[in-house]
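Inside the fold
Residues per chain, in single letters:
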Amino acid sequence: MITASLRIELPGDYWVAEVSREFPEATFRLLSGVRTGDTAVELGEVVAEDPRVVSDAIEEHPHVVEYQRLEATDDRGLAKYETTDTGLYDFVKESSLPPEFPVVVREGWYEIDFTGTREEFDAFREGVEASGFEHELLSLVGAGGGESEKGEPNDLLTERQREVLRTAVREGYFEVPRDCTLAELADEVGVDESTASGVLRRGEARVLKRFLTGSDRKR
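Residues numbered from 1 in each chain as written. Predicted model: local features only at pLDDT ≥ 70, side-chain atom pairs only at ≥ 80, totals over all residues. Heavy atoms only, no water.

1. Looking at the packing of aromatic side chains
One pair of aromatic rings is described through two measures. These are the centre distance and the angle between the planes. Put simply, the rule reads: Whether two aromatic rings pair depends on their centres lying within 6.5 Å, for rings of Phe, Tyr and Trp, where Trp uses its six-membered ring; planes under 30 degrees apart make the pair stacked, over 60 edge-to-face, and the rest tilted. We count a stretch as a helix when DSSP gives it H or I for four or more residues in a row; a strand needs E for two or more, and each element gets its number in order from the N terminus. When a residue's accessible area, from a 1.4 Å probe over protein chains only, is under 20% of the maximum for its type it is buried; when over 50% it is exposed; and in between it is partly exposed. Only when the NZ of Lys or the CZ of Arg is both within 6 Å of the ring centre and within 35 degrees of the ring normal is a charge said to sit over the ring.
Taken as a whole and assessed by the stated rule, the structure comprises three aromatic pairs. With a centroid separation of 5.4 Å and 80° between ring planes, the pair formed by W15 and Y81 is classed as edge-to-face. With W15 in helix 1 (residues 15-22) and Y81 in strand 5 (residues 76-83), this residue pair connects regions lying 66 residues apart in the sequence. Given a relative accessible area of 6%, W15 falls into the buried group. With a relative accessible area of 6%, Y81 lands in the buried category. Considering the side-chain rings of Y67 and Y81, the 6.3 Å spacing of their centres and the 20° angle between planes classify their relative orientation as stacked. You can see Y67 sitting in strand 4 (residues 64-72) and its partner Y81 sitting in strand 5, a full 14 residues away along the chain. Each of the two residues, Y67 as well as Y81, counts as buried. A connected cluster of aromatic rings, assembled from ring pairs, spans W15, Y67 and Y81. Its end group placed over the ring of W109, R7 keeps NZ or CZ at 4.3 Å from the ring centre.

2. Topic: the nonpolar core
For clarity, the threshold we go by: Here the nonpolar core consists of buried residues drawn from Ala, Val, Leu, Ile, Met, Phe, Trp, Tyr and Cys, with membership extended through side-chain atoms lying within 4.5 Å. Residue contacts follow a heavy-atom distance rule, with two residues in contact if any of their heavy atoms lie within 4.5 Å.
The biggest cluster of nonpolar side chains holds 36 residues, and the ones touching the most others in it are W15, V19, F28, V54, I58 and Y110. Dropping the residues within four chain positions of it, F28 is found in contact with W15, V16, V19, S20, F23, E45, V46, V54, I58, V103, V104 and V105. With 13 residues, the next largest nonpolar core counts A168, C180, V189 and A196 among its residues.

3. A look at unusual backbone geometry
That bond from V176 to P177 is cis: its omega, -5°, falls within 30 degrees of zero. Residue position: P177 is located in the loop between helix 5 (159-171) and helix 6 (182-189). At E107, a position not held by glycine, the phi torsion is positive, near 50°. Note that E107 resides in the loop between strand 6 (100-106) and strand 7 (109-116). Classification of E107 as partly exposed rests on a relative accessible area of 38%.

And the structure:
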């Protein structure tokens, strides 16, 4: 068995692609979903500065045929809706490998985690590649081997370090010039700047030491 994490760029006309790009600071989470013929019924959450405005944009999108608001707070909205965008379920049908909920969407990209056999994962990945969608494999770890696809030990980084480093890469923190400040990165992962800085430094040090010397484990 393996666990894997991927990012898949959504077709530009999908409602969640359009709305998530219109509201780049918002996080969309697909909590559950099932295909019902030509449509899919889903339970989704939006975390944003003003979730009501984002919810209005979702409800008004032509690919959302029904929309029911279930809960709303100052920074979170929960809704049940029906959509004609069923691409995710087409991938799943091809591979018989169900995604693990929640499925996170940011700025037009799905972030999906899987657990299954290598054969199941390969079938899913072939389906993604055949679709022509841009995609990125974030991690691929064998449950028994303790190593990633690149041969990196699974215990090199703590879960927090892995989360912060992945977010930093995704948000453009390491780009030149930077697309994301330390303050923005800290806000994205829900910690203060001092904590984010410390986690980054320790994580970077372990990755560099591993790459340059072939040693190090999390301690």
